[in-house]
Amino acid sequence: GWELIMTTHPALIVVADEHSARFFVRKSKASPIVERIDYAESSDLLQHGEQRPGGIIRVGGRARTKPRSMRSQEELEIFLRRVASRIDEATDMEGITGLAIVAPPQVMSGLRDFIAPSTRARIVHESCRGIASKTLSEIDSAMLLANV
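It should be emphasised that the depicted structure is a prediction, and the values quoted were computed from it without experimental measurement.

## Some details on the packing of aromatic side chains
Move 1: Summed over the entire model, instances satisfying the criterion amount to 1 aromatic pair.
Move 2: Measuring from ring centre to ring centre gives 5.9 Å for F23 and Y39, while their planes differ by 45°; the resulting arrangement is tilted. In this pair, F23 is assigned in strand β2 (residues 20-26) and Y39 in the loop between β3 (34-35) and β4 (41-42), connecting sequence segments 16 residues apart. The pair formed by F23 and Y39 is uniform in burial state, with each residue classed as buried.

Next up, the structure:
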């Protein structure tokens, strides 16, 4: 018979929510995760030199203030595009074979849309949980339970 061998290490673990993204690397199944703050992202657009989306929308030829929900969605999309690009970068730089993403549903869906297909092909685990504020050891334990 034949055997399917799936290598998931080194693994990149991305834990994100609407406000921040944290990156962790696990070099092997036996090693602990290490937080890589050089890849971390926050949703503060001004801190990153990003332009905030315009606050005016034209409706029927008249200028109106854009609804907060629309502005929030546009800002989230800018943030998620930046996080996705960091995921692509980290995956290449670290020689990652397995990618785990843990994020609330709206964030997860945006990240899936924006990461490169070659990076998406390395996803070995996804979880729609909000654990970005958890401690390193809590995230490490959760990922061990998920076999990442």
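This is not the end of the story, as more comes after the structure.
## A short note on the pattern of salt bridges
Move 1: Evaluation of the coordinates by the stated rule reveals 11 salt bridges.
Move 2: Residue R86 is joined to E41 by a salt bridge in which the shortest nitrogen-to-oxygen separation is 3.4 Å. In this pair, R86 sits in helix α1 (residues 68-93) while E41 sits in strand β4, placing the two residues 45 residues apart along the sequence. Here R86 matches E41 in class, with each residue buried.
Move 3: Salt bridges linked by common partners bring K27, R36, D38 and E94 together as one network.

## Structural notes on helix α2 (residues 105-114)
Move 1: Residues V107, M108, G110 and L111 constitute the buried set of α2. Seen end-on, α2 carries its buried residues on one side only, within an arc spanning 165°. In this structure, α2 carries P105 and D113 as exposed residues pointing more than 90 degrees from its buried face.
Move 2: Those residues of α2 that are buried are in contact with β1 (11-16), α1, β7 (98-102) and β8 (123-127).

Procedures and definitions
Residues numbered from 1 in each chain as written. Predicted model: local features only at pLDDT ≥ 70, side-chain atom pairs only at ≥ 80, totals over all residues. Heavy atoms only, no water. Phe/Tyr/Trp six-rings, centres within 6.5 Å; stacked < 30°, edge-to-face > 60°. Helix = DSSP H or I, 4+ residues; strand = E, 2+ residues; numbered from the N terminus. Buried < 20%, exposed > 50% of the residue type's maximum accessible area, 1.4 Å probe, protein only. Salt bridge = Lys/Arg side-chain N within 4 Å of Asp/Glu carboxyl O. Arc of directions from axis to C-beta. Contact = heavy atoms within 4.5 Å.

That's the geometry; what it means functionally is another story.
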